Amino acid sequence: MKRMPTLFVGHGSPMMALEHTETTNTFKSIGQNIINNYGKPKAILAISAHWYADGTYIQSAEKPKQIYDMYGFPQELYKVVYPAKGDSNLTKKVQKLLGNSVSINDTWGIDHGLWTVLVHMFPDASIPVVQLSINKYLSPKEAYQLGTKLQSLRDEGYLIMGSGNIVHNLRRIEWDNPSGTSATIEFDQYISKAILENDVDTVVNYTQHPQASYAAPTPDHYLPLLYIMGASESAKPTVFNQTYNSGSLSMTGFIFEDEPQNIL
């Protein structure tokens, strides 16, 4: 069995769940190609920006609830159903790998940072999903180090997937801007270059960049990237969906593979 890749996806507006665009087409092709090249994942360990919690938590629910954690959108969006099951084996494996630093918490579910992407990537919802929280008390370096402890799951057929944004500043949204500001593009390309060069220190120490407070005014959408990089040590990254919208959002994603399969 080939070692499963890992994914970091940029998720945009929740309306993406209903759209058919170049971005969502890329999600679709990535999902199909993972199955074709690696086999169907046993389950997905998912790390979403939207479960930003006061500790490291793992889900154990047999049927995790779908969370519509967004407000003011058309009713059509709240009718999108992604009925993925949980996976008790994956929950137990994460508990074993992380030890006392993780505890079970089923108050959350599958949030829009994930299901808006998964409806395109794996539309039949037949792959179980278990979410791992982002611990807001971890430093960027500690988030990376936690990710390294999850690497062995890839050898067992599990897909590790993070969902966030390299640039995410809702206070600076420009609704009439179909692209990104110069600050957005500068920061995104700086981090992307570091990822492609496997320059972990630069990605971990992102706050040193002059545009960091604009690009990531809070760490929640950036940190999934560090968990995924930790879980991807020595794997080769390929960038996808490197686009920008609303001024202060980047959609850039990466797939990390030990032996790239030209999955895009």
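Figured I'd write up the structure that's included with this text. (Residues numbered from 1 in each chain as written. Predicted model: local features only at pLDDT ≥ 70, side-chain atom pairs only at ≥ 80, totals over all residues. Heavy atoms only, no water.)

## Some thoughts on the packing of helix H1 (residues 22-38) against helix H3 (residues 112-121)
1) Next: Between H1 and H3, whose axes approach to 7 Å, the crossing angle comes to 65 degrees. In the crossing of H1 with H3, the sense of the turn from one axis to the other is right-handed. In this structure, H1 uses Thr-24, Phe-27, Lys-28, Ile-30, Gly-31 and Gln-32 to contact H3, whose residues at the interface are Val-117, His-120 and Met-121.
2) Next: Looking at the contact of H1 with H3 residue by residue, the class counts come to four nonpolar, four polar and one charged. (Axes fitted to C-alpha atoms, helices over the stretch in contact; angles between N-to-C directions. Helix = DSSP H or I, 4+ residues; strand = E, 2+ residues; numbered from the N terminus. Left-handed = near helix turned anticlockwise from the far one by under 90°. Contact = heavy atoms within 4.5 Å. Nonpolar A, V, L, I, M, F, W, Y, C, P; charged D, E, K, R; others polar.)

## Here's the deal with the sheet that holds strand S6 (residues 129-131)
1) Next: Spatial ordering of the open sheet is given by S6-S2-S8-S1-S12-S9, a layout of six strands whose pairing is mixed. Every other strand in the sheet has two partners, leaving S6 and strand S9 (236-240) as the edge strands with one partner each. For this sheet the average axis-to-axis angle between neighbouring strands, irrespective of direction, equals 20 degrees.
2) Next: Where helix H2 (residues 88-98) meets the sheet, its contacts fall on strand S2 (43-48), S6 and strand S8 (158-164), and the angle it forms with S2 comes to roughly 60 degrees.
3) Next: Contacting strand S1 (6-10), S2, S6 and S8, H3 runs over the sheet at an angle of about 125 degrees to S8. (Pairing = 2+ DSSP bridges.)

## Concerning the packing of helix H4 (residues 140-148) against helix H8 (residues 223-231)
1) Next: Contact geometry of H4 with H8 gives a least axis separation of 6 Å together with a crossing angle of 40 degrees. Classified by the angle their axes make, H4 and H8 are oblique. The two elements H4 and H8 cross, and the hand of that crossing is right-handed. Counting all contacts with H4, which are made through Pro-140, Ala-143, Tyr-144, Leu-146, Gly-147 and Thr-148, the residues of H8 involved are Leu-223, Leu-226, Tyr-227, Met-229, Gly-230 and Ala-231.
2) Next: The residue makeup of the contact of H4 with H8, split by class, is nine nonpolar, three polar and no charged. (Parallel < 35°, antiparallel > 145°, perpendicular 65-115°, else oblique.)

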